[in-house]
Amino acid sequence: MEPGELGSDVHKKDYEYLVIGCGSVGFRVIRELAKARKKIFAIDISKEKIEILREQSYDAIEGDATDISNYSDIDFDHLKAVLVLTPDPEVNRKVIQEIRKRNKAVFIVARGNDTRTQEELEDAGADVVLTPSTVMATSAINYLTRIESVRRAKELMHVIEGVRDGKLAILTHDNPDPDAISSAMTLKEIAEKVGVRAEIIYFGDIGHEENKALVNILQIDMKRGKDVDFGEFTKFAIVDSSRPGVNNTIPPDTPMSIVIDHHPPPQEIEAEYVDIRTDAGATATIMTKYLQEFDMIPSRELATALFFGIITETDEFRRNTYPSDFTAAAFLYPYVDREIIEKIETPSLSADTLDALGMAILNRHIYGSYLISNAGVIRDKDALAQASDYLLKLEGITTVIVFGIAKDHIYISARNKDIRVNIGDILKRAFEDVGSAGGHPHAAGAQIPLGVFGEISDKESVMKLVEEVITKRILNIAGVEEKQKAENS
Ligand SMILES: [Mn+2]
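What counts, and where the lines are drawn
- Residues numbered from 1 in each chain as written.
- Predicted model: local features only at pLDDT ≥ 70, side-chain atom pairs only at ≥ 80, totals over all residues.
- Heavy atoms only, no water.
- Pairing = 2+ DSSP bridges.
- Helix = DSSP H or I, 4+ residues; strand = E, 2+ residues; numbered from the N terminus.
- Axes fitted to C-alpha atoms, helices over the stretch in contact; angles between N-to-C directions.
- Contact = heavy atoms within 4.5 Å.
- Donors = N, O, S within 2.8 Å, 3.2 Å for Na, K, Ca; no water.
- Buried < 20%, exposed > 50% of the residue type's maximum accessible area, 1.4 Å probe, protein only.
- Expected span 1.5 Å × (residues − 1).
- Core = buried A, V, L, I, M, F, W, Y, C linked by side-chain atoms within 4.5 Å.
- Left-handed = near helix turned anticlockwise from the far one by under 90°.
- Nonpolar A, V, L, I, M, F, W, Y, C, P; charged D, E, K, R; others polar.
- Phe/Tyr/Trp six-rings, centres within 6.5 Å; stacked < 30°, edge-to-face > 60°.
- Salt bridge = Lys/Arg side-chain N within 4 Å of Asp/Glu carboxyl O.
- Domains from an automatic or database assignment.

A few words on the sheet that holds strand β3 (residues 59–62). Taken together, six strands build an open sheet; the order of strands is β3-β2-β1-β4-β5-β6 and the sheet is parallel. On the outer flanks of this sheet lie β3 and β6 (128–130), each paired with one strand and no other. Averaged over all pairs of adjacent strands, the angle between their axes in this sheet comes to 15°, without regard to strand direction. In this structure, strand β4 (residues 81–84) lies alongside strand β5 (residues 108–111), joined through three bridges in parallel fashion. Paired with valine 84 across the bridge in β5 is alanine 110. Running at roughly 165° to β5, helix α3 (residues 89–102) makes contact with β1 (17–20), β4 and β5 of the sheet.

So, on to the sheet that holds strand β8 (residues 197–202). Read from one edge to the other, the open sheet built from six strands follows the order β9-β8-β7-β10-β11-β12, with strand pairing classed as parallel. Every other strand in the sheet has two partners, leaving β9 (222–224) and β12 (273–276) as the edge strands with one partner each. Strand after strand, the sheet turns through a mean of 25° between neighbouring axes, direction not considered. Along the sheet face, helix α8 (residues 283–293) touches β10 (235–239), β11 (258–261) and β12 and points at about 115° away from the line of β11.

Our next topic: the coordination of the manganese ion. Four donors placed tetrahedrally around a metal ideally meet at 109.5 degrees, and six donors placed octahedrally ideally meet at 90 or 180 degrees. On the protein side, the manganese ion has Asp179 (OD), Asp240 (OD), His262 (NE2) and Glu313 (OE) as donor atoms, found 2.1 to 2.4 Å from it. Sequence spacing of the donors to the manganese ion: D-x60-D-x21-H-x50-E. Residue aspartate 179 is found in helix α6 (residues 178–193), and its partner histidine 262 is found in the loop between β11 and β12; the two are separated by 83 residues along the sequence. Histidine 262 matches aspartate 179 in its accessibility class, with the two residues each being buried.

What follows covers helix α9 (residues 300–313). One turn of the α-helix equals 3.6 residues, which is why residues spaced by three or four share an orientation. Over its 14 residues, α9 runs 20 Å from end to end, which matches the ideal 20 Å to within 8%, given 1.5 Å per residue. Here α9 lies mainly inside the structure; 11 of its 14 residues are buried. All of the buried residues along α9 are Leu302, Ala303, Thr304, Ala305, Leu306, Phe307, Phe308, Gly309, Ile310, Ile311 and Glu313. Against α6, α7 (209–217), α8, α10 (323–332) and α11 (338–345) lie the buried residues of α9. Where α9 terminates, the next one or two residues include aspartate 315, which has phi positive at roughly 50°.

Turning next to the pairing of β12. Burial along β12 is one-sided: the residues Tyr273 and Asp275 are buried and none of Val274 and Ile276 is. As paired elements, β11 and β12 share four bridges and run parallel to each other. Bridging from a neighbouring strand, isoleucine 258 pairs with tyrosine 273 of β12.

Now for helix α5 (residues 132–161). Its 30 residues give α5 an end-to-end C-alpha distance of 41 Å, which sits within 8% of 44 Å, the value for a rise of 1.5 Å per residue. For α5, the set of buried residues is Ser149, Arg152, Ala153, Leu156, Met157, Val159 and Ile160. Looking at the buried positions of α5, the neighbouring elements they touch are α6, β10, β11, β12 and α8.

If you look at the biggest cluster of nonpolar residues, it comprises 54 residues, and the most contacted ones within it are Leu156, Leu187, Ile220, Ile258, Ile260 and Tyr290. Sorting elements by how many residues they give to this core places α9 first, with eight residues. The contact partners of isoleucine 258, leaving out residues within four places of it in the chain, are Leu156, Val159, Ile160, Leu187, Phe236, Ala237, Ile238, Ala271 and Tyr273. Grouped together as the second largest cluster of nonpolar side chains are 28 residues, Ala446, Ile448, Val466 and Val480 included.

Bringing the packing of α6 against α9 into the picture now. In the contact formed by α6 and α9, the axes pass within 8 Å of each other and the chain directions differ by 145°. Remark: the crossing between α6 and α9 carries left-handed chirality. On the side of α6, the interface is formed by Pro178, Asp179, Ser182, Ser183, Met185, Thr186 and Glu189, while α9 contributes Glu301, Leu302, Ala305, Leu306, Phe308, Gly309, Thr312 and Glu313. Split by residue class, the contact of α6 with α9 holds six nonpolar, five polar and four charged.

Now for the packing of aromatic side chains. Inspection of every chain in the model, using the stated rule, returns nine aromatic pairs. Taken together, a centroid distance of 6.2 Å and an interplanar angle of 15° make the contact between tyrosine 290 and phenylalanine 294 stacked. One exposure class covers both tyrosine 290 and phenylalanine 294, and it is buried. Members of the aromatic cluster, each reached through a chain of ring pairs, are Phe203, Phe230, Phe233 and Phe236.

Tracing the backbone shows alanine 153 in helix α5. Through-space distance from the C-alpha of alanine 153 to that of glutamine 267 is 24 Å; in sequence the pair is 114 residues apart. Non-local contacts of alanine 153, meaning those with residues more than four positions away in its chain, are made with Tyr290, Glu293 and Phe294.

What follows is about the pattern of salt bridges. Evaluated as defined, the whole model comprises 27 salt bridges. Between arginine 152 and glutamate 148 there is a salt bridge, with the nearest N and O atoms lying 3.9 Å from each other. Here arginine 152 and its partner glutamate 148 are both found in helix α5, four residues apart, which amounts to about one turn of the helix. Judged by relative accessible area, which is 32%, glutamate 148 ranks as partly exposed. Of the charged contacts in the structure, one is a salt bridge between aspartate 275 and arginine 277, with a shortest N-O distance of 2.8 Å.

A word on the domain arrangement of the chain. By the assigned domains, the chain splits into domain 1 (13–130), domain 2 (152–345) and domain 3 (351–487). Here the C-alpha centre of domain 2 lies 42 Å away from the C-alpha centre of domain 1.

Here methionine 359 is to be found in helix α12 (residues 351–362). A residue is classified by how much of its surface remains accessible, and methionine 359, at 35% relative accessible area, is partly exposed. Taking the C-alpha atoms as reference points, methionine 359 and valine 377, 18 residues apart in sequence, are found 9.4 Å from one another. Sequence-distant contacts of methionine 359, defined by excluding residues within four places in its chain, comprise Ser373, Asn374, Ala375 and Gly376.

This is the structure we're talking about:
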């Protein structure tokens, strides 16, 4: 093949990166880009360098890079970047000038020597100029952060390997959400990577329609805690929660070997391996970092679950979101199955949820911008959360409280989008003395044992009483007049 002539098997338009200069720096960059499955085209004046690249099946040509006719077939509009990396800043400057004559927009990264060449290259049209001092400084910082991350990953692997021929139990909080489910899946895959068997175990229900859809569509294998003999397991891990028996029904004396969570722990955690990162918006973010650390390319299912975990946990990056959540989501995105996400996000409503939603719509009472509704007797308490999500979409409503009775408890679910209102705080103050309550400014829940309403056998009367008490308590604390009741339809 003549210099400058691209092979016929090469789809010229498909290249993402043009690398000019394939010495030690250029060659490393090519290798890294190839690892990330990028489509690269390389050019160098040295015949030997090009031969080496071609032997490793890279697309490369021998030629003078300052003569743009050598790679005139490249579609610059399609490129993500041009990397001008020869060791000679003067050559780099000429190359940049030539490229700019042909294309003003393409992103150019250039290699410089010092501040003087940096300026020259920038003047010629480089978007970024890398000089040894800037590169050293950034990589030193990156390296320090990486060391910590590598150390953690190694330690985790060590603890998992300690399970040997036994079995690892991976537990989550009760009624696991996508963050917990996807995190457990990831830990299971990491264990399986080193030949350790693992089982995902949960207590409570997978209630919310979206969560059911996630588990069903991705066919996630999860076992109910009550069907499992804990004696079968050699080690226990917990994800998206840090302590057995606190906010979950895991037997409190279960000895934890691995704890991975993003919530601040209620008290000091004792375990062989503890990784609690409060600068992550989701446990799925932390688990994604482990995948990257272990060089594991996630399967379509795993990537989709983790991505869904991050976006639901951070409410699509609107709450408690950190930079790490974005970078984790960006890493996962190419492997995510968008169709599956769509299917999970719009699951068909179960009859139970539909009933609760119907009742909540029917029984709604509006007090100013507050909506309080009684969903009646419910079978699935997650239906309340869905009903309140739905009702929050009503015009003029910024705070929604929906409650219902299941077995011997009253369950309350609340949603709020008024930044002046902290609904978690309101529920806490309203119901702390009779039950348990808590949550965030935008979403909260409470449960109250029905026993506090005494022995009333007639369901209708119980309902009426419950409704009165709940409404009064909430409106009192929220400082909303009951008279403001504007509508009951
Ligand atoms: Mn979480």
